[in-house]
Amino acid sequence: MAVRETVLSIEHVTKEFSGVAVLSDVSVDIRRGEIMGLIGENGAGKSTLIKIISGIYQSSAGVLKLDGKPVSISDYIAAKSLGIAIVPQEFNLINTLAVFENIFLGNEIRLGSGLLDKQKMRELSAKQLEDLKMPVGVNQLVSSLSVAEKQMVEISKALMLRARILIMDEPTTTLTTRETETLFSLMGELRSQGVTIIFVSHKLNEIKAICDRVTVLRDGVLISIDEISDVNEEDIARKMVGRKDFTKIFPPKIPRPQGTEVLEVKNLSVKELFEDISFSLRGGEILGFAGLVGSGRTELAESVMGLRHVQGGTIAVNGKTVHIKKPADALRYKLAYLSEDRQGKGIVQGFNLPQNITLISLKEYLKGILIDGKAEELKTAEYVKSFRIAAASHKMHLRYLSGGNQQKVYLSRWLDTDPQILILDEPTRGIDVNAKHEIYEFIHQLAERGISCIVISSELEEVIGLCSRVYVMREGKITGCLEADHINEEDIMFHATGIKGLN
Ligand SMILES: Nc1ncnc2c1ncn2[C@@H]1O[C@H](COP(=O)(O)OP(=O)(O)OP(=O)(O)O)[C@@H](O)[C@H]1O
Ligand SMILES: [Mg+2]
């Protein structure tokens, strides 16, 4: 392919927060009509760099040039008027507004009279969501959407700007393989129309599949820019972590333990969400739940945790039927649930690390009526070390941590509740490929200590690599249960879709 002209030059960009450099002298040329992958460990500076390009942050030093001319991108509106749109890593949607109102927020279409042309906005929104194959009603409130649906609304919002430079910060973390494929074919179409895309993902196979070139950042420093055909997944991973020995990502599998059931769910039903679900879990077992977005896995977990009103069925913990009507009941039975919605139901942006980690386990840290700050601090240091949480200080509010590091803090909170049964809904969402390994190891150690884990994941390789048994759901029903050597992509996809021969 002929080398295309440069559309955006990033020249010697540096960014400091309170004197700490998060980006140091980064220079990258982005070409017209290419998909440029941007990859690096959690906290490497990816989001910071693209926030500078989209006017959310200002660089401390350096220049941005569009078509060879220096530009100052003072805010989001300036970026928009220069034809730059961003799908941010953390959603920026207004829960109390409808889907179509969010898609056109700040970009409303008006009638000649000046009134909003709601009809037109509804039509265009519906068309956009249809192109993304996301069956969301345009009049639905954003608050009622799942995270995958919110992601598609956020993508639609950016696409609606018809930008010439489209920046996507981890748009696929909440999507399954099929939805990702739909998004990729759309990105391919945009590229052929000359749109430039900067694409951030922790999934090396995605970078390899869709990008023309890939840029690697490490600790805020530019490591490499390569044509995608010149590097394989392992090369990219090595450049990211800066080491030669790249550890095997999954520890050896633990076979399904013998012994008794710690959790037995029988005939559980929630109106319009799922029906007649039965499954069981043994002490120290790592059980998987696979399925497409919308298959009912998250809703099932929420129901077991007392977050939804169930119409029928029973739940038994350690052989005894229990009545879980609210999350506090679930906690009493030592159940814990890491929600897939870290931003909406997880971390508290305005709390620091210890406050977030001990949010639920706080009573363990009380000395009389006072919080034992020292104990809290020690515990925080333990988690920071185990998961290599990158934060300039424990006092930092979570909103200033990178997405992947927020996820690690959120996971620490649930581990700190000392659960007997831990339900992890997309536990490694936004986690870099190197840090994933640590989380998998940790899940293993928990299982070895007899703690049972349920892993809900849209990443097939995650359930395949970790679990000794996998239930597959489709449209609110369990359609299959695979065990040991029978767990493979093809069979999971068959049960998830009802179609043979997919993978
Ligand atoms: N407003 C801020 N104030 C202080 N530090 C910040 C701020 N924004 C980002 N940082 C720090 O900058 C570093 C880089 O963060 P950034 O969000 O760019 O990482 P990232 O590469 O996108 O990581 P991830 O893969 O986890 O999303 C992090 O250590 C983060 O804590
Ligand atoms: Mg980021």
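Residues numbered from 1 in each chain as written. Chains lettered and ligands numbered in written order. Predicted model: local features only at pLDDT ≥ 70, side-chain atom pairs only at ≥ 80, totals over all residues. Heavy atoms only, no water.

## Some remarks on the overall build of the protein chain
We count it as follows: Under the DSSP-based scheme used, a helix requires at least four consecutive residues in state H or I and a strand at least two consecutive residues in state E, with every element numbered from the N terminus. What the globule rule says is 2.2 Å times the number of residues to the power 0.38, and the radius of gyration is computed from C-alpha atoms. Relative accessible area decides the class of each residue, using a 1.4 Å probe on protein chains only: under 20% of the type maximum gives buried, over 50% gives exposed, and in between gives partly exposed. Contact between two residues is taken to exist if any of their heavy atoms lie within 4.5 Å; hydrogens are not considered. Every accessible area reported is derived by Shrake-Rupley at a probe size of 1.4 Å, with residue values counting cover from the shown protein chains alone. When charges are tallied, Lys and Arg are placed among the positive residues and Asp and Glu among the negative ones, while His and the ends of the chain are skipped. We put the charge of a Lys on NZ, of an Arg on CZ, of an Asp on CG and of a Glu on CD.
Regarding its fold elements, the protein chain presents 17 helices and 22 strands. In terms of C-alpha radius of gyration, the protein chain reaches 23 Å, essentially the compact-globule figure of 23 Å for 503 residues. Considered along the principal axes of its C-alpha atoms, the protein chain spans approximately 70 × 50 × 50 Å. Counting the 503 residues in the protein chain, one finds 54% classified as buried. When contacts within the protein chain are restricted to residue pairs at least 6 apart in sequence, long-range pairs at least 24 apart make up 67% of them. As presented, the protein chain carries roughly 22000 Å² of accessible surface, and 51% of it is formed by carbon and sulfur atoms. Taken together, the 61 basic and 66 acidic charged side chains of the protein chain have centroids lying 3 Å from each other.

## Quick notes on the coordination of the magnesium ion (ligand 2)
For the record, the criterion: Coordination here is defined by N, O and S atoms within 2.8 Å of the metal (3.2 Å for Na, K and Ca), and since water is not considered, a site can look incomplete.
Around the magnesium ion (ligand 2), the protein supplies S47 (OG) and Q89 (OE1) as donor atoms, at distances of 2.0 to 2.2 Å. Placement of S47 in helix α1 (residues 46-53) and of Q89 in the loop between β6 (84-87) and α3 (99-103) is noted, with a sequence separation of 42 residues between them. Neither S47 nor Q89 differs from the other in exposure class; each is buried.

## Notes on helix α17 (residues 489-497)
We apply this condition: Polar contact criterion, stated in full: a pair of N or O atoms within 3.5 Å, where within protein one must be able to donate a hydrogen and the other to accept it, and residues adjacent in sequence count only if both atoms are side-chain atoms.
The complete set of buried residues in α17 reads I492, M493, H495, A496 and T497. Contact partners of the buried residues in α17: α6 (177-192), β13 (286-291), α16 (460-466), β21 (469-474) and β22 (477-483). A side-chain oxygen of the first residue of α17 lies 3.2 Å from the backbone nitrogen of E490; this N-cap is N488. Once α17 finishes, G498 follows within two positions and takes phi at roughly 80°, a positive value.

## Here we look at the sheet that holds strand β8 (residues 196-200)
What counts, and what does not: Strands were regarded as paired on the criterion that DSSP finds at least two bridges between them. Axis definition: a line fitted to C-alpha atoms, over the contacting stretch in the case of helices. Angles run 0 to 180 degrees between N-to-C directions.
Read from one edge of the open sheet, six strands run β6-β7-β8-β3-β9-β10, paired in mixed fashion. Looking at which strands have only one partner, the edges of the open sheet turn out to be β6 and β10 (221-227). Ignoring which end each strand starts from, the neighbouring axes of this sheet average 15° apart. Pairing between strand β9 (residues 213-218) and β10: six bridges, direction antiparallel.

## Points about the side chain of K408
Rule in force here: Between Lys or Arg on one side and Asp or Glu on the other, a salt bridge is scored when a side-chain nitrogen of the former is within 4 Å of a carboxyl oxygen of the latter.
Tracing the sequence through the fold places K408 in helix α14 (residues 403-415). The buried charged residue K408 lacks any salt bridge, with D432 as its nearest oppositely charged partner at 5.0 Å. A distance of 3.0 Å separates a polar atom in the side chain of K408 from the backbone oxygen of F387. With residues near it in sequence (within four places) discarded, K408 still touches N42, F387, R388, I389, I431 and A435.

## Re the sheet that holds strand β11 (residues 261-270)
Across the sheet, which stays open at both edges, the four strands sit in the order β12-β11-β14-β15 with antiparallel pairing between neighbours. Looking along the sheet, the strands with just one partner apiece sit at the ends: β12 (274-282) and β15 (320-322). Averaged over neighbouring strand pairs, the angle between their axes works out to 25° when direction is ignored. As paired elements, β11 and strand β14 (residues 312-317) share five bridges and run antiparallel to each other. Note that in β14 the partner of K266 across the bridge is T314.

## As for the packing of aromatic side chains
Selection rule: Aromatic rings from Phe, Tyr and Trp, taking only the six-membered ring of Trp, are treated as a pair when their centres fall within 6.5 Å; an angle between ring planes under 30 degrees marks them as stacked, one over 60 as edge-to-face, and anything in between as tilted.
The tally for this structure, following the rule as stated, stands at seven aromatic pairs. For the ring pair F250 and Y440, a centre distance of 4.6 Å and an interplane angle of 20° mean the geometry is stacked. Here F250, found in the loop between α8 (233-241) and β11, pairs with Y440, found in helix α15 (residues 433-448); they are 190 residues apart in sequence, far enough to count as distant. Residues F289 and Y471 carry aromatic rings whose centres are separated by 5.3 Å and whose planes lie at 20° to one another, so their mutual orientation is stacked. Of this pair, F289 sits in strand β13 while Y471 sits in strand β21, and the two are 182 residues apart along the sequence. Take Y471: its relative accessible area is 7%, and that puts it in the buried class.

## Regarding the nonpolar core
The cut-off we apply is this: Buried residues of nine kinds, namely Ala, Val, Leu, Ile, Met, Phe, Trp, Tyr and Cys, make up a nonpolar core once their side-chain atoms join them within 4.5 Å.
Core analysis: the largest hydrophobic core is formed by 52 residues, its most contacted members being L166, M168, M187, I197, F199 and I236. With near-sequence residues (within four places) excluded, L166 lies in contact with A85, A158, L159, L190, V195, T196, I197 and I198.

## A few points about the pairing of β12
Bridging between β11 and β12 involves six bridges; their strand directions are antiparallel. Residue L263 lies in a different strand from β12, and its bridge partner there is L281.

## Looking at the pattern of salt bridges
Within the structure shown, the criterion is met by 31 salt bridges. Among the ionic pairs, R32 bridges to E5, the shortest N-O distance being 3.2 Å. Of the two residues, R32 sits in the loop between β2 (20-31) and β3 (35-39) while E5 sits in the segment before β1 (6-17), which places them 27 residues apart along the sequence. Because the salt bridges share partners, they merge into one network encompassing R256, E261, R282, E285 and R469.

## Quick look at the domain arrangement of the protein chain
Put simply, the rule reads: Residue ranges for the domains originate in an automatic or database domain assignment. Accessible area that two parts lose when put together, with a 1.4 Å probe and added across both, is what the buried area reports.
Partitioning the protein chain into structural domains gives domain 1 (6-241), domain 2 (247-334 + 420-430 + 446-503) and domain 3 (343-418). Each of domain 1 and domain 2 has a C-alpha centre, and these two points are 33 Å apart. Counting residues at the interface gives 13 residues for domain 1 and eleven residues for domain 2. Summing both partners gives a buried area of about 960 Å² for domain 1 against domain 2, and 57% of it is carried by carbon and sulfur. Three residues stand out in domain 1 for area buried against domain 2, namely T173, T176 and R178, and they jointly supply 47% of the buried area on that side. Linking domain 1 with domain 2 are zero salt bridges. For the side of domain 1 that touches domain 2, the elements supplying multiple residues, two or more each, are α5 (147-159) and α6.

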